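Listed below are the residues making up each chain.
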Amino acid sequence: MPIVSQFYGIIISMFFNDIERHNLPHIHIQYAEYRCVFDFEGNILSGKIPDKQRKLVEAWIEIRKEELIALWNLLQNGDRGFRIEPIK
């Protein structure tokens with residue numbers, strides 16, 4: 001699972017061909033001992049994360065939604081991915 005972006009201790013990853021479990025385009029978030037999955041609308045599909053980090057991820061998704069969709073499509077087609085700019 002390639003790391004898509006990292007900021008403030010938050011690691012954002014996207015699996016290759018990960019459509020069987022969720023069917024929706026989504027990202028996997030790790031923060032300390034927390035794990036969760038967000039869709040590209042900023043909704044948590046599973047898991048949990050502290051509110052402060054949840055808000056950061058939601059803002060990042062909103063800012064980078066077009067890039068996330070492009071990356072999802074590339075990875076689902078077996079193409080090479082790219083990293084997305086973090087929040088600074």
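It should be noted that the structure appears before, not after, this text.
These numbers come from a predicted model, not from an experiment. (Residues numbered from 1 in each chain as written. Predicted model: local features only at pLDDT ≥ 70, side-chain atom pairs only at ≥ 80, totals over all residues. Heavy atoms only, no water.)

Our focus in this paragraph is the sheet that holds strand β4 (residues 34-39). Across the sheet, which stays open at both edges, the five strands sit in the order β1-β2-β3-β4-β5 with antiparallel pairing between neighbours. Two strands in the sheet have a free side with no partner beyond their single neighbour: β1 (3-7) and β5 (44-47). Averaged over all pairs of adjacent strands, the angle between strand axes in this sheet comes to 20 degrees, irrespective of strand direction. Strands β1, β2 (10-13), β3 (26-31), β4 and β5 of the sheet are contacted by helix α1 (residues 51-76), whose axis makes an angle of about 145 degrees with β3. (Pairing = 2+ DSSP bridges. Helix = DSSP H or I, 4+ residues; strand = E, 2+ residues; numbered from the N terminus. Axes fitted to C-alpha atoms, helices over the stretch in contact; angles between N-to-C directions. Contact = heavy atoms within 4.5 Å.)

Regular strands place their side chains on alternate faces of the sheet. Taken together, the six bridges between β3 and β4 define a ladder with antiparallel strand orientation. Residue pairing across strands places Q30 opposite R35, the latter belonging to β4. Counted along the chain from β3 to the antiparallel partner β4, the turn is two residues long, and its residue A32 has a positive phi close to 50 degrees. In this sheet, β5 lies alongside β4 in antiparallel orientation, the contact comprising three bridges. Opposite C36, over in β5, you have G47 as the bridge partner. From the end of β4 to the start of β5, which pair antiparallel, there are four residues, and G42 there has a positive phi angle of about 90 degrees.

Another point: the pattern of salt bridges. Within the structure shown, the criterion is met by five salt bridges. A salt bridge links E41 to K65; its shortest N-O distance comes to 3.3 Å. You can see E41 sitting in the loop between β4 and β5 and its partner K65 sitting in helix α1, a full 24 residues away along the chain. By relative accessible area, which is 57% here, E41 ends up exposed. For R54, the salt bridge identified is with E58, shortest N-O distance 2.9 Å. Residue R54 and its partner E58 are both found in helix α1; the two are separated by four residues, about one turn of the helix. Judged by relative accessible area, which is 27%, E58 ranks as partly exposed. One salt-bridge network, held together by shared partners, links D51, R54 and E58. (Salt bridge = Lys/Arg side-chain N within 4 Å of Asp/Glu carboxyl O. Buried < 20%, exposed > 50% of the residue type's maximum accessible area, 1.4 Å probe, protein only.)

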